[in-house]
Amino acid sequence: MSERAVVQERRDFLKTGAVLGGAAAVGLGGASPAAAAAATAVSLPLPDYEQWDATEIALRIRRGDVKPSEVLEAAIARAEAYAAINAVTVPHFDLAREAARALDAAGQAEREARPALSGVPFALKDLGVALKGTVTTNGCAFFKDAVADHDSTLVQRYQAAGLNIFAKLASPEFGQTGTTESRLFGATRNPWDLERSSGGSSGGASAAVAAGVLPVAHASDGGGSIRIPASHCGLFGLKPSRGLIPMGPKSLEGWLGLSAHNVISRSVRDTALLMQLSQGAEPGARTLPPTADLLAALEQAPRALKIGLFQANLFGAGVHAECIEASNKAATLCAGLGHHVEPIDLSALPFLEMAGSMGVVTASGMLYTVREREKAIGRAAREDEFEPIDWQSMQKAQSYTAEQILKARSVFDRGGRVLDELFARYDLILSPTTAALPPKLGELSLDQPFEDFARRAVLASAFTSMFNMTGLPAMSVPLHWSAEGLPIGVQFAAPYGGEARLIALAAQLEKAAPWADRRPPRLG
């Protein structure tokens, strides 16, 4: 797909959104909830679509209740109607429509023989993932015409599961911040409050799922980028253990293992299903945690767990009272379910040294990615093609030494040993997901003085990033809403390979304190 074709398809998408989705988009921006709901109900196809998770959609397609093209058009119609949230960056509507039409004529026997998620609409994050023949921009102008010549291993597994990929969703440049704003595509807005961020870096995924465009979407997490947006949008998001979900084939680890791929979803069972279908080693991989039957974990109530409660911002920047309340409320809920919760201390964790090393690794990773692109297109990158903070980071990265990179990995491993020793005594760690409410747009932009950015960034990833640096699984669960109606997630972390334990607890919490019916009020 050429740059011109990509630009034209996005222009057509935005134009359609402005025309066809006028009423619903106005509802997003400030109409009353009743008016927004009425406009949405009248103008959008398949009214029940937003009540279904991916598991339910797959079941209805398999039974013949709906056709793949019907659910695809329902998703596209909502992407266009809710264009105000700015979740979609690269539409692949024509490719998806062709795939859906090919599936529509199947009889019952053929439908039952197809993969588990055959015909279910899906979207990829516009960062670090390849769909052959399409552009992945990484949220960066320098990559705006970067057409993939292969499919990522994960994409191959999604397609083998039957998912119909119809778009890529917004990310900030190289996923370098806890919001989703870029010079290339603008700001992605939180459906719960359009003046606030949907989180980052998987903010396109969280906005699309919260708005009802999709029940589940691909996401990735290098410092909190699944869990932060899930928290800010009232959704479920699980960052898996290092190596569980494939990253290749070209690079088998992202940022020396900091980054991991998975999804953001409304239901726990959708995350479990997508992980079950995508987990496991790929050729060349040498890091693989134990795999488990995650669908079975959904049905097995966890034994009584010993949970450590941690609520201190190790950056020393404080924690918002509502985030503390969210984790206290979660602790009370867990205790009521038969688990034991007690405070823990993580002062032995070399957190500040780890955080400094994380900057070395991520900046070096950006620089490497840009250098590879320079070789591919035969020209040097220009400063005007990047966000100011990212450009500054890459200039600094040119002076980093091999010793600094090795030291970074060493300090990450040291932190991992501290947490492993703690997990010898505790089953899980409970904390706030973030130290602050969903930020106002612009507060975490990469286009501002670095000092202003850094002061706010320590409120986004204080609780999440430690589990990227140590390679451990962690999830954000939507168990609290603020006094003004903003979602606030709580985080649970587990030992390496402990995804089944997390899924079992999440399913238990979902039954005890359901969130599926909590929807952004302006969407009805």
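Criteria and thresholds
- In this numbering scheme, every chain counts its residues from 1 along its sequence in written order.
- Only residues with pLDDT of 70 or above have their local features reported here, since the model is predicted, and side-chain atom pairs are shown and tallied only from 80 upward, although totals for entire chains, interfaces and linings are computed over all residues.
- With hydrogens and water stripped out, all remaining heavy atoms of the structure feed into the side-chain values.
- Under the DSSP-based scheme used, a helix requires at least four consecutive residues in state H or I and a strand at least two consecutive residues in state E, with every element numbered from the N terminus.
- Radius of gyration: over C-alpha atoms. The globule rule applied is 2.2 Å multiplied by the number of residues raised to the 0.38 power.
- Burial classes: relative accessible area under 20% of the type maximum marks a residue as buried, over 50% as exposed, and values in between as partly exposed (1.4 Å probe, protein chains only).
- The contact criterion used is simple: two residues touch if any of their non-hydrogen atoms lie within 4.5 Å.
- Accessible surface is estimated by sampling points in the Shrake-Rupley manner with a 1.4 Å probe; for residues, cover comes only from the protein chains shown.
- His residues and chain termini do not enter the charge count, which takes Lys and Arg as positive and Asp and Glu as negative.
- Charge placement uses NZ in Lys and CZ in Arg. For Asp and Glu, CG and CD serve respectively.
- The pairing criterion for strands is at least two bridges between them, as found by DSSP.
- Angles here are taken between N-to-C directions and fall from 0 to 180 degrees, while the axes themselves are lines fitted to C-alpha atoms, restricted in helices to the stretch in contact.
- We define a salt bridge as a contact between a side-chain nitrogen of Lys or Arg and a carboxyl oxygen of Asp or Glu at a distance within 4 Å.
- A residue's pLDDT is the confidence the predictor assigns to it, expressed on a 0 to 100 scale.
- Note on angle classes: values under 35 degrees are labelled roughly parallel, values over 145 roughly antiparallel, values of 65 to 115 roughly perpendicular, and the remainder oblique.
- Residue polarity follows a fixed list, in which Ala, Val, Leu, Ile, Met, Phe, Trp, Tyr, Cys and Pro are nonpolar, Asp, Glu, Lys and Arg are charged, and the others, Gly among them, are polar.
- Nonpolar cores were defined as sets of buried Ala, Val, Leu, Ile, Met, Phe, Trp, Tyr and Cys residues, with membership established by side-chain atoms within 4.5 Å.
- For a crossover, the right-handed case is the one in which the path from the first strand over the helix to the second runs clockwise, viewed with the strands pointing away from the viewer.
- The span you would expect from a helix comes to 1.5 Å times its residue count less one.
- Here, the arc refers to the directions that run from the helix axis to the C-beta atoms.

Some points on the overall build of the protein chain
Here comes step 1: Scanning the protein chain from terminus to terminus reveals 19 helices and 15 strands.
Here comes step 2: Radius of gyration (C-alpha) of the protein chain: 21 Å, near the 24 Å computed for a compact globule of 524 residues.
Here comes step 3: Principal-axis analysis of the C-alpha atoms places the extent of the protein chain at approximately 60 × 60 × 45 Å.
Here comes step 4: With 524 residues in all, the protein chain has 60% of them scored as buried.
Here comes step 5: Sequence separation of 24 or more characterises 79% of the internal contacts of the protein chain that already satisfy a separation of 6 or more.
Here comes step 6: If you sum the accessible surface of the protein chain, you get close to 19,100 Å²; carbon and sulfur atoms cover 54% of it.
Here comes step 7: Looking at charge distribution, the protein chain has the averaged site of its 50 positive side-chain charges lying 1 Å from that of its 55 negative ones.

Quick look at the sheet that holds strand S1 (residues 88–91)
Here comes step 1: Taken together, three strands build an open sheet; the order of strands is S1-S3-S2 and the sheet is mixed. Two strands bound the open sheet, and with one partner strand each, they are S1 and strand S2 (121–125). Direction aside, neighbouring strands of the sheet carry axes that sit 40° apart on average.
Here comes step 2: Direction of pairing for S2 relative to strand S3 (residues 164–169): parallel, over a ladder of five bridges. Considered in S3, the bridge of Lys 125 is made with Leu 169.

A closer look at unusual backbone geometry
Here comes step 1: Residue Ser 201 is reached from Gly 200 by a cis peptide bond, and omega for that bond is 10°.
Here comes step 2: With respect to the secondary-structure elements, Ser 201 resides in the loop between strand S7 (193–197) and helix H9 (203–211).
Here comes step 3: Here the amide bond leading from Gly 248 into Pro 249 is cis, since omega sits at 15°, within 30 degrees of zero.
Here comes step 4: Summarising the element assignment, Pro 249 is placed in the loop between strand S9 (236–239) and strand S10 (260–265).
Here comes step 5: Unlike most non-glycine residues, Asn 138 shows phi in positive territory, near 55°.

Structural notes on the side chain of Glu 499
Here comes step 1: By the secondary structure assignment, Glu 499 is in helix H19 (residues 499–512).
Here comes step 2: The buried charged residue Glu 499 lacks any salt bridge, with Lys 239 as its nearest oppositely charged partner at 6.9 Å.

Considering the confidence of the model for the protein chain
Here comes step 1: Mean pLDDT over the protein chain stands at 93; residues scoring 70 or higher make up 92%.
Here comes step 2: Contacts from residues 19–42, a stretch scored under 50 in pLDDT, to residues over four places away or in other chains number 32 contacts.

Things to note about the packing of helix H14 (residues 351–377) against helix H15 (residues 388–397)
Here comes step 1: Packing of H14 against H15 leaves a shortest axis separation of 8 Å and a crossing angle of 90°. If you check the angle between H14 and H15, you find them roughly perpendicular. Between H14 and H15, the residues in contact are Ala 363, Ser 364, Met 366, Leu 367 and Val 370 and Asp 390, Ser 393, Met 394 and Ala 397, respectively.
Here comes step 2: A class-by-class count of the residues in the contact of H14 with H15 yields six nonpolar, two polar and one charged.

Section: the nonpolar core
Here comes step 1: Counting residues in hydrophobic clusters, the biggest one holds 96 residues, and the most contacted among them are Phe 166, Phe 236, Met 475, Val 477, Phe 492 and Ile 503.
Here comes step 2: Among the elements that make up this core, the one with the highest residue count is helix H5 (residues 68–81) (eight residues).
Here comes step 3: Phe 310, Leu 346, Leu 349 and Ile 429 belong to the second largest nonpolar core, which has 27 residues in total.

Details of the pattern of salt bridges
Here comes step 1: On inspection of all chains with the given rule, the structure shows 24 salt bridges.
Here comes step 2: Salt-bridge contacts for Arg 414 lead to Glu 353; the nearest nitrogen and oxygen are separated by 3.1 Å. Highlighted residues: Arg 414 in helix H16 (residues 402–423) and Glu 353 in helix H14, separated in sequence by 61 residues.
Here comes step 3: In this structure, a network of salt bridges that share partners links the residues Arg 379, Arg 382, Asp 384 and Glu 385.

Some details on the pairing of S2
Here comes step 1: Counting buried positions over the five residues of S2 gives five, a clear majority of the element.
Here comes step 2: Following the backbone out of S2, through helix H8 (residues 153–160) and into the adjacent parallel S3, one traces a crossover that is right-handed.

Remarks on H16
Here comes step 1: Between its terminal C-alpha atoms H16 stretches 32 Å, which fits the 32 Å expected from 22 residues at 1.5 Å a residue.
Here comes step 2: Regarding H16, the residues found buried are Ala 408, Val 411, Phe 412, Gly 415, Gly 416, Val 418, Leu 419, Leu 422 and Phe 423. The arc enclosing the buried residues of H16, seen along the axis, measures out at 160°, which places them on a common side. Facing away from the buried side of H16, by more than 90 degrees, are the exposed residues Ala 402, Glu 403, Leu 406, Lys 407 and Glu 421.
Here comes step 3: In the core, the buried residues of H16 are packed alongside H14, strand S13 (428–432), helix H18 (465–469) and strand S15 (487–493).

Here's the deal with H5
Here comes step 1: Here H5 contains 14 residues, and its C-alpha end-to-end distance of 20 Å stays within 8% of the 20 Å for a straight helix at 1.5 Å per residue.
Here comes step 2: Where burial is concerned, most of H5 is hidden: twelve out of the 14 residues are buried.
Here comes step 3: Buried within H5 we find Pro 68, Ser 69, Val 71, Leu 72, Ala 74, Ala 75, Ile 76, Ala 77, Arg 78, Ala 79, Glu 80 and Ala 81.

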